[in-house]
Amino acid sequence: MLDPEPCALAIIGGGPAGLAAAEAVMAEGVQPLVLEAMPTVARKWLMAGKSGLNLTKAEEPARFRAAFGSAAEPLAPMLAEMGPDAVRRWAEDLGEPMFTGSSGRIFPVAMKGSPLLRKWLGRIAGADIRTRWRWRGWAGPHLRFDTPEGARRLAPQATVLALGGASWPRLGSDASWVPWVVAAGAAVTPFRPANMGFDVAWSAHLRERFAGAPLKPVRLRHGSHSLRGECVLTASGLEGSAIYALSATIRDGLAADTVLWLDLAPDRREVDLAARLAHPRGRASLANHLRKRIGLGGVQAALLRELAPEALGDAVATARAVKALPVPLLGPRPIDEAISSAGGLAWEGLDADLMLRACPGVFAAGEMLDWEAPTGGYLLSACLATGRWAGRAAARRVQP
């Protein structure tokens, strides 16, 4: 094996947190070495950008921070510096016009991640970015890597770890780093899926006929939590924006309550639905009666037949089922299908600069940290904010 290669500052991981760290480091006059295990950088960023890169959300700062739950306090100074307004200015400074959707979500006008990424990489063109360098932990004080040229070691003055969480392993976030940081003395909260769908034991008819059908508008309720939004029936269960927004609550409460309640007509009162359904059906089929009298058809009618068949002979009982349809959940989808993950490096093992207390000179950012937030612009904002924070702190440890 070759002797360790000296470098000022190594950033392991070329996702948004790692690239944000590189940008911050370069602003401090330090040239970073960015090591990415995949053939190209920012693969998860590009995947997110295929359907419109939701970069951040126009929201009052306290409410924005509150979306991060128990991690809101440690993240507060980072989000204050790189919150929604700052993220938007950053993107526009790169030459990408942004717009705010009706829900407050902020997107590039191009609705893709690739144009913004190209300009971002142009800004940090002075960084030494090496792909197919897979981190394999430490060898004494040195970083070990598998590379196309064989095993290599680096001897940086400071290191930023930006290796992602445990979701979408095929794009690089596989949590393979956990044993190495644990062996080094860092505490890691076990990973769990976040922003994921849930399994339901649908009948073959429902799976084959209605997989992919949207449910909108709908109100979801689990325990004492409810929200209005949209979701999608899948072959395995339910997913979509409203499910993701409630996913942490549902996941953490499944041991006590496995039933998700659907209100298929959130804008209408049960008594009004019952009155309309009491109209004589005549020779009309049940599906036509539901469609003509209360505007429910297709997947909604199929769900009623599947989940509340005993209610369909009575107008009052049917209206009650429309407003509170019980869906028995089996559990969350696997973490490798989740949009993001909960868990990661425990906050008590990090100092205010995001340095690992057990590893002086080693900092962490992005989804490696123990935080989770709903989709809607929070995830990328926090990756950018923590990457900048950790990168700037790491640069201060580099000796000229």
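Predicted model, so just to flag it, every value in this text is computed and none were measured. (Residues numbered from 1 in each chain as written. Predicted model: local features only at pLDDT ≥ 70, side-chain atom pairs only at ≥ 80, totals over all residues. Heavy atoms only, no water.)

Enquirer: I'd like a rundown of the overall build of the protein, residues and numbers included.
Expert: A count of helices and strands for the protein gives 14 helices and 19 strands. For the protein, the C-alpha atoms occupy an extent of roughly 85 × 40 × 35 Å along the three principal directions. Per-residue burial for the protein yields a buried fraction of 52% across its 400 residues. Across the protein, contacts joining residues at least 24 apart in sequence account for 69% of those joining residues at least 6 apart. Looking at the protein as shown, the accessible area adds up to about 17,200 Å², and 52% of this sits on carbon and sulfur atoms. Side-chain charges of the protein comprise 46 positive and 38 negative groups, with the mean position of each set lying 7 Å from the other. (Helix = DSSP H or I, 4+ residues; strand = E, 2+ residues; numbered from the N terminus. Buried < 20%, exposed > 50% of the residue type's maximum accessible area, 1.4 Å probe, protein only. Contact = heavy atoms within 4.5 Å. Areas by Shrake-Rupley, 256 points an atom, 1.4 Å probe, with all protein chains shown as cover. Lys, Arg positive; Asp, Glu negative; His and termini not counted. Charge placed at Lys NZ, Arg CZ, Asp CG, Glu CD.)

Enquirer: Report on the sheet that holds strand S14 (residues 237–239), specifying residues and quantitative values.
Expert: Spatial strand order, S16-S15-S12-S13-S14-S11-S17: seven strands in an open sheet with antiparallel pairing. The sheet is open, and its two borders are formed by strand S16 (325–328) and strand S17 (331–332), each paired with just one other strand. Where strand S11 (residues 198–199) meets S17, two bridges bridge the pair, whose relative direction is antiparallel. Bridging across to S17, Asp199 finds its partner in Gly331. Across the sheet, helix H13 (residues 315–323) is in contact with strand S15 (259–263) and S16; its angle to S15 comes to roughly 110°. (Pairing = 2+ DSSP bridges. Axes fitted to C-alpha atoms, helices over the stretch in contact; angles between N-to-C directions.)

Enquirer: Outline the environment of Ala319, listing residues and values.
Expert: Position of Ala319 among the secondary structure elements: in helix H13. Contact partners of Ala319, with chain neighbours within four places excluded, come to Glu270, Leu273, Ala274 and Leu277.

Enquirer: With reference to specific residues and values, describe the packing of aromatic side chains.
Expert: Inspection of the entire model under this criterion finds 11 aromatic pairs. Where Trp135 meets Trp180, the ring centres are 5.4 Å apart and the plane angle is 75°; that geometry is what we call edge-to-face. Of this pair, Trp135 sits in strand S7 (residues 134–139) while Trp180 sits in helix H7 (residues 178–183), placing them 45 residues apart in sequence. Following the ring pairs from residue to residue traces out a cluster consisting of Phe64, Phe68, Trp371 and Tyr378. Positioned over the ring face of Trp133 is Arg130, at 5.0 Å from the centre of the ring. The residue whose ring lies beneath Arg209 is Phe210, and the NZ or CZ to ring-centre distance is 4.7 Å. (Phe/Tyr/Trp six-rings, centres within 6.5 Å; stacked < 30°, edge-to-face > 60°. Lys NZ or Arg CZ within 6 Å of the ring centre and 35° of its normal.)

Enquirer: Give me the lowdown on the nonpolar core, citing residues and values where you can.
Expert: Counting 84 residues, the largest nonpolar core has Leu9, Trp45, Leu55, Trp90, Trp177 and Trp371 as the members making the most contacts within it. Of the residues forming this core, the biggest block, 12 residues, is contributed by helix H14 (residues 378–395). If near-sequence neighbours (up to four positions away) are discounted, Trp90 is found in contact with Glu23, Trp45, Leu55, Met82, Leu116, Trp120, Arg123 and Leu384. Counting 48 residues, the second largest nonpolar core, distinct from the first, contains Leu260, Ala302, Ala317 and Leu325. (Core = buried A, V, L, I, M, F, W, Y, C linked by side-chain atoms within 4.5 Å.)

Enquirer: Residue-level account of helix H12 (residues 299–307), with values.
Expert: In terms of residue burial, H12 counts as a mostly covered element, since seven of its nine residues are buried. Taken together, the buried positions of H12 are Val299, Gln300, Ala301, Ala302, Leu303, Leu304 and Leu307.

Enquirer: Residues and numbers for the pattern of salt bridges, please.
Expert: Overall, the coordinates contain 22 salt bridges when judged by the stated rule. Close ionic contact of Arg63 with Glu59 constitutes a salt bridge, the shortest N to O distance being 3.4 Å. According to the relative accessible area criterion, Arg63 is exposed, its value standing at 59%. Residue Glu59 is classed as buried on the basis of its relative accessible area of 16%. Across the pair Arg130 and Asp128 runs a salt bridge whose closest N-O atoms are separated by 3.1 Å. Judged by its relative accessible area of 18%, Arg130 is buried. A relative accessible area of 35% means that Asp128 is categorised as partly exposed. If you follow the salt bridges from partner to partner, you end up with Glu5, Asp128, Arg130 and Arg152 in one network. (Salt bridge = Lys/Arg side-chain N within 4 Å of Asp/Glu carboxyl O.)

Enquirer: Kindly report on a nonpolar patch on the surface, identifying the contributing residues and their values.
Expert: Residues Phe99, Val109 and Met111 make up a contiguous nonpolar surface patch of about 230 Å² in total accessible area. Considering the arrangement of structural elements, one finds Phe99 in strand S4 (residues 98–100). (Patch = residues over 30% accessible without salt bridge, like charges linked within 9 Å, V, L, I, M, F, W, Y side chains within 5 Å.)

Enquirer: Go over unusual backbone geometry, please, and point to the residues and values.
Expert: For residues that are not glycine, phi is negative in most cases, and the peptide bond is trans in most cases. Here Lys216 and Pro217 are connected by a cis peptide whose omega angle stands at -15°. Within the secondary structure, Pro217 is located in strand S12 (residues 214–222). Positive phi outside glycine occurs at Arg132, with the angle close to 60°. With respect to the helices and strands, the residue Arg132 is situated in the loop between strand S6 (128–131) and S7.

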